[in-house]
Every structure is written in C-alpha cells, then in structure tokens.
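Structural characterization, general
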Amino acid sequence: MNKAVIGLQWGDEGKGKIVDYLSEDFDLVVRYQGGNNAGHTVIVEGTTYKLNLIPSGVIRGKICFLGQGVVLDPNHFSNEYDQIAKKIDNPKVFLSSNISLILNYHKQLDKINELILNVEKKIGTTSKGIGPAYQDKVGRKSIKLYDLKYKNIIEEKLYSIKTFYDPILESFNESKINIEQTVKDLLCFYDLVKDLIVDNSLIKKEFKNKKVLFEGAQGALLDLDHGSYPFVTSSNTVSSNIVIGSALQVDYQTVGIFKAYTTRVGNGPFPSELFDDTGNYIAEKGVEIGTVTKRKRRCGWLDLVSLKYSCEINRVNELCMTKADVLNSLSEIKVCKSYNSKEYEDINFSDSEFLESLSLEESDFEFFSSWGEIEELSKYETLPDNLKKYIAYIENYLNIPIKIISLGPERNQTIIR
Ligand code: IMP
C-alpha cells in the first residue's frame with residue numbers, strides 16, 4: 001500500500017528521517033506541496049544530509065518526484081541538487097513540468113508583506129517567497145517549468161508580471177524586475193535541468209502499480225485552510241492535497257508524525273507553549289533551531305487537543321512519535337488534554353484570535369514521570385514503563401496506534417511495533 005508521512009503539529013516533526021527510514025520499501029518518493037521553506041536533516045551512518053526540496057528517499061537511491069503542488073526556486077534547487085550529487089551517485093530526481101517557479105521578486109514581496117504588518121500581526125515567514133509564489137499561481141501569473149522551453153513565453157509573462165508588480169516594488173525601494181536578466185537566468189537553469197522535467201502523465205504511466213511514499217512538508221496546523229490562519233504557510237499541508245499536488249490518483253495510508261512535545265517557528269497561537277526554564281531546556285536539548293531560518297523554535301508540552309484535530313483532518317491511520325529522548329530527564333512531563341476544560345469539538349483551529357485567548361494556566365494537563373535514558377534501546381519491550389504509559393495514554397486519547405517510535409536522529413534509532 002502507498003503511504004504518506006504527514007506532520008501533525010507546526011512542522012519540524014522529523015518527517016525527513018522517517019521518510020528516509022520508510023523509503024526502503026517504496027519505489028517512488030513524492031513531495032506534493034511547499035517549497036524550500038521546509039528543511040530536513042537526515043543523519044545516516046554519521047553523514048548529515050540537509051534537504052529542503054528533494055525528498056529524503058534520495059539518500060537510499062530512490063526515485064524522487066517533485067509534484068505540481070510544489071513551488072520551486074531555481075537557484076535553490078540547483079544548489080541543493082549539486083550538494084546531494086556530491087554525496088550520492090546519480091541522484092534520481094524528477095520535476096513535474098507543471099511546477100510554478102519562485103523568482104527573486106517573490107522574495108522581495110515576501111519581505112514587503114511582512115513589513116506592512118504591525119509587529120503582533122507579522123507571520124514570521126521563512127522569507128523564501130513562498131506566499132507570493134502561491135499568490136501568483138492562484139492569480140494565474142506563474143511561470144511554470146514547461147514555459148522554460150520558450151523564450152518568448154517567458155518574456156511575455158514577465159512583461160505582465162513587471163507591469164503588475166514594479167509599482168509596488170518601487171514604492172518600497174526594492175529593485176524593479178529585470179526582464180533581460182531573469183530570462184537569461186531561467187534559460188540557463190532550463191539548460192541544467194531539462195532532463196529532469198517530466199510531464200505528470202509520464203510519471204503516472206511509469207509508476208502504475210508501483211509503491212509510492214508521499215513526503216509532507218510543514219505540518220497540519222500550518223495548513224492554509226485548516227491551520228491557525230493567517231499564521232500559516234500558503235499551501236495545503238494536509239493529506240487530502242496529495243492527489244492534487246502530486247497529480248497521482250492513488251490511494252494511500254497516512255502515517256501522522258508528531259514530536260513527544262510541541263514546537264513552533266514563527267508567530268501565531270501556541271496554546272501549550274512554555275515560557276519558563278523547562279521550555280528553554282527542551283529547546284536546548286532538542287536542538288530546536290529552525291533548519292531554514294536558524295530561528296529558535298518556541299517549545300511547549302504535547303498538545304493532544306490539536307493533535308486529535310490534526311489526526312482527523314488528515315485521516316491518520318497510524319502514528320509515529322519522535323524525540324521522546326529529549327524529555328528523558330525531566331522530573332515531570334505534561335500533556336495538554338483540554339483547553340479551558342472545553343471539548344475540542346468547540347474549537348475552530350483556523351481562528352487564531354480564539355486560540356490566542358487560551359492560556360496555559362487554564363488548560364488541563366495529565367502528568368507523567370521521567371523515563372530516563374532511552375537512546376540505545378531498539379525494541380518496544382525494553383522501553384521504560386513510564387514511557388510506555390506515556391505512549392498508551394496518547395494512543396488511548398487519539399484512538400490510533402503509535403507504530404513508529406524514533407529515539408534519536410540516526411536511522412537505526414527507530415523502533416517499529
Ligand atoms: P512561509 O511558509 O515561509 O510563508 O512561512 C509561514 C509560516 O510557516 C511561518 O511561521 C514559518 O515559520 C512556518 N514554516 C514554514 N515552513 C516551515 C517548516 O518547514 N517548519 C516549520 N515551520 C515552517
């Protein structure tokens with residue numbers, strides 16, 4: 001059966017490592033949304049792989065496909081591909097010809113979009129031009145990979161883009177769009193990647209009846225429609241976007257992935273956030289620093305209320321919990337089981353004002369005791385009883401089994417039940 005690995009929190013749940021682990025049993029690994037705002041660090045036998053766009057199945061030599069739902073920054077992709085080609089022989093990466101491109105002006109607009117917001121309303125984007133690139137896609141202005149065959153089409157599209165955006169760029173003292181240079185860069189990029197560009201129909205035909213693993217980017221609570229709007233990313237991160245973003249009409253089982261605690265980068269509501277020494281301890285021990293922006297991640301207790309919501313909107317079949325090792329030596333570990341003693345059905349997770357109004361003091365928590373060192377353990381049976389209690393409580397609350405437990409960054413620090 002095909003599988004999807006979907007983040008259930010605000011991203012950074014460890015999808016890269018788990019996709020690398022699971023990809024052994026799959027033929028094709030597919031990204032279907034987002035861009036280089038995502039960041040995966042995968043460590044295999046001491047070698048660290050840093051990936052933003054290319055699915056981590058590439059490390060095992062699997063065929064990787066970036067679907068039409070992805071937005072692609074040509075410069076970034078070229079660099080990432082070159083870096084990975086230094087570590088892996090002949091990486092097998094293909095790009096849907098339908099992909100929309102991120103150009104320099106998208107990054108300028110991303111900056112301007114943030115600039116015009118009051119401090120407390122700023123999204124805290126990754127500044128990679130993601131939102132403006134998706135705006136252009138919806139606004140039917142995007143330059144697509146399939147356009148790169150035709151110099152005149154690129155010029156024509158850029159001309160109307162320039163007419164539309166130059167007045168805005170100029171009014172914020174940003175440089176205007178340089179058509180000549182952009183065309184030159186895009187043609188040069190096309191020369192480098194033309195053999196990787198394929199039409200959706202080809203991938204569909206080649207991979208008929210083959211096993212596909214889908215790699216989500218970001219997390220369910222950053223989903224454009226289901227997440228804490230407007231503090232979200234600009235794509236649909238949830239599993240139901242797989243068919244659209246990949247153009248593969250296949251069935252799949254969903255593995256929902258979450259950290260044993262919660263983190264968030266950027267602004268927006270975070271009901272179980274910790275502002276004390278425990279929060280700082282988790283951030284430090286868990287090395288909670290954004291892979292893309294190097295910002296310190298905000299940390300908090302595991303939030304089962306939002307996790308339950310994420311499981312429902314993603315129709316999760318099984319769970320994967322990561323980074324329980326970070327909580328090893330805390331004397332008391334908590335999980336949030338309700339906000340303001342209300343039932344979760346009452347909560348609109350897209351309403352940020354409401355989520356902001358929730359306070360940690362008024363939330364209900366379940367308490368757990370420390371479980372000690374676990375990094376060297378490789379079988380579920382050998383896990384400490386206190387960790388087993390934590391796992392059983394989560395499974396019972398969500399009514400979904402935790403089938404994968406990750407106890408460290410290395411591939412072999414993974415327990416399958
Ligand atoms: P954008 O995706 O760059 O537009 O940023 C929108 C929000 O999503 C910001 O709060 C970012 O910090 C957050 N974000 C985007 N990508 C990731 C990710 O891969 N992990 C965690 N947060 C992310």
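For every chain, the first residue of the written sequence is number 1, and numbering continues from 1 onward in sequence order. Given that this is a predicted model, residues contribute local features only at a pLDDT of at least 70 and side-chain atom pairs are listed and counted only at 80 or more, while totals for whole chains, interfaces and linings are drawn from all residues. Excluding hydrogens and water, the side-chain values take into account all heavy atoms of the structure.

What follows deals with the domain arrangement of the protein chain. Taken domain by domain, the protein chain comprises domain 1 (3-99 + 196-246), domain 2 (100-193) and domain 3 (258-416). Computed from C-alpha coordinates alone, the two centres of domain 2 and domain 3 are separated by 37 Å. Summing the contributions of domain 2 and of domain 3, the shared interface buries around 420 Å²; its carbon and sulfur component is 41%. Throughout this description, the term salt bridge denotes a Lys or Arg side-chain nitrogen within 4 Å of a carboxyl oxygen of Asp or Glu. Our count for the contact surface shared by domain 2 and domain 3 stands at one salt bridge. In this structure, the salt-bridge partner of E353 is K121, at a minimum N-O distance of 3.3 Å. Any residue outside Ala, Val, Leu, Ile, Met, Phe, Trp, Tyr, Cys, Pro, Asp, Glu, Lys and Arg is labelled polar, Gly included; the first ten of those are nonpolar and the last four are charged. For the side of domain 2 that touches domain 3, the class distribution of residues is one nonpolar, three polar and three charged. These domain boundaries are the output of an automatic or database domain assignment. Buried area: the accessible surface (1.4 Å probe) lost by two parts on joining, summed over both.

Take the sheet that holds strand β14 (residues 302-303) next. Strand pairing is assigned whenever DSSP detects at least two bridges linking the two strands. By definition, any uninterrupted DSSP run of H or I lasting at least four residues is a helix, any uninterrupted run of E lasting at least two residues is a strand, and each is numbered from the N terminus. What the three strands build is an open sheet, ordered β14-β16-β17; its pairing is mixed. Unpaired on one side and paired on the other, β14 and β17 (364-369) mark the two borders of the sheet. With six bridges connecting them, strand β16 (residues 332-338) and β17 associate as antiparallel partners. Of the residues in β17, the one forming a bridge with V335 is E366. Helix-sheet contacts for helix α12 (residues 385-398) involve β14, β16 and β17, and the interaxial angle to β16 is about 5°. Contacts are assigned to residue pairs that have any heavy atoms within 4.5 Å of one another. To obtain each axis, a line is fitted to C-alpha atoms, and for helices this fit is confined to the stretch in contact; angles are then taken between N-to-C directions over 0 to 180 degrees.

Below, the discussion takes up the site of the ligand. Neighbouring residues are identified by heavy atoms, a residue being near a molecule or strand if any of them is within 4 Å of it. Close to the ligand lie 15 residues; D12, N37, T126, T233 and R295 are nearest. In protein, a polar contact means a hydrogen-donor-capable atom and an acceptor-capable atom, both N or O and within 3.5 Å, with residues adjacent in sequence counting only if both atoms are side-chain atoms; elsewhere, any N or O pair within 3.5 Å suffices. One nitrogen or oxygen atom from the side chain of N37 is found 2.9 Å from an oxygen atom belonging to the ligand. The side chain of T233 places a nitrogen or oxygen atom 2.6 Å from an oxygen atom of the ligand. Each accessible area value is a Shrake-Rupley result obtained with a 1.4 Å probe; residue values ignore everything except the protein chains displayed when judging cover. For the ligand, whose accessible area on its own is 480 Å², the fraction buried by protein is 96%. In terms of residue class, the shell around the ligand is made up of six nonpolar, seven polar and two charged.

With that settled, the discussion passes to the pairing of strand β4 (residues 47-51). Judged from the five bridges that link them, strand β3 (residues 40-44) and β4 form a sheet pairing that is antiparallel. Opposite V42, over in β4, you have Y49 as the bridge partner.

All right, on to helix α6 (residues 179-193) then. For an α-helix, the turn length of 3.6 residues means that residues three or four places apart are oriented alike. Under the 1.5 Å per step criterion, the end-to-end length of α6 is 21 Å for 15 residues, consistent within 8% with the ideal 21 Å. Accessible area is worked out with a 1.4 Å probe on protein chains only. A residue is then buried under 20% of its type maximum, exposed over 50%, and partly exposed in between. Along α6, the residues classified as buried are T182, V183, L186, F189, Y190 and V193. Angularly, the buried residues of α6 cover 130° about the axis, an arc narrow enough to put them on a single face. Facing away from the buried surface of α6 by more than 90 degrees, the exposed residues are E180, K184, D191 and L192. Where α6 is buried, its residues contact β6 (71-72), α2 (74-87), β8 (100-101), α5 (151-171) and β9 (197-198). By the N-cap criterion, in which a side-chain oxygen at the helix start approaches the backbone nitrogen of a residue two or three places on, α6 is capped by N178, the distance to E180 being 3.3 Å. Multiplying 1.5 Å by the helix residue count minus one yields the expected span of that helix. Starting at the helix axis, one direction is taken to each C-beta atom, and the arc is that of these directions.

Note on placement: T254 falls in strand β11 (residues 253-259). For T254, a relative accessible area of 2% puts it in the buried group. When residues no more than four places from it in sequence are discounted, the contact partners of T254 are A4, I6, S239, N314, R315, V316, N317 and E318.

Bringing the environment of V238 into the picture now. With respect to the secondary-structure elements, V238 resides in the loop between β10 (212-215) and α8 (242-246). Residue V238 is classed as buried on the basis of its relative accessible area, which comes to 1%. Taking the C-alpha atoms as reference points, V238 and L222, 16 residues apart in sequence, are found 9.1 Å from one another. Setting aside chain neighbours within four positions, we find V238 in contact with Y32, A220, D223, H226, I313 and N314.

Most of β11 sits inside the fold, with six of its seven residues counted as buried. Summarising the sheet, strand β1 (residues 3-7) and β11 pair through five bridges and their orientation is parallel. Considered in β11, the bridge of K3 is made with Q253.

Mapped onto the fold, Y49 is located in strand β4. Classification of Y49 as buried rests on a relative accessible area of 10%. In this structure, the C-alpha to C-alpha distance between Y49 and K87, residues 38 residues apart in sequence, is 8.5 Å. Setting aside residues no more than four positions away along its own chain, Y49 makes contact with H40, T41, V42, V44, I59, I84, K87 and I88.

This paragraph deals with the sheet that holds strand β5 (residues 63-66). Strands sit in the order β9-β7-β5-β2-β10-β1-β11-β15-β18-β19 across an open sheet of ten strands; the sheet is mixed. A single partner strand is all that each edge strand has here, and the edge strands are β9 and β19 (414-416). With respect to the sheet, α12 is in contact with β11, β15 (318-322) and β18 (402-406), its orientation differing from that of β15 by roughly 145°.

For N75, the location among the structural elements is in helix α2. With a relative accessible area of 57%, N75 lands in the exposed category. Put simply, N75 and L186 are 111 residues apart on the chain and 9.5 Å apart in space, counted from C-alpha to C-alpha.

Turning our attention to the nonpolar core. Buried residues of nine kinds, namely Ala, Val, Leu, Ile, Met, Phe, Trp, Tyr and Cys, make up a nonpolar core once their side-chain atoms join them within 4.5 Å. Membership of the largest hydrophobic core comes to 54 residues, with the highest contact counts inside it found for M321 and Y390. When residues are assigned to domains, this core turns out to be shared by domain 1 (3-99 + 196-246) and domain 3 (258-416), each giving three or more. With near-sequence residues (within four places) excluded, M321 lies in contact with F258, K259, A260, L387, Y390, I391, I394, I402, I404, I405 and S406. Within the second largest apolar cluster, 51 residues are counted, among which are V44, F77, I143 and L145.

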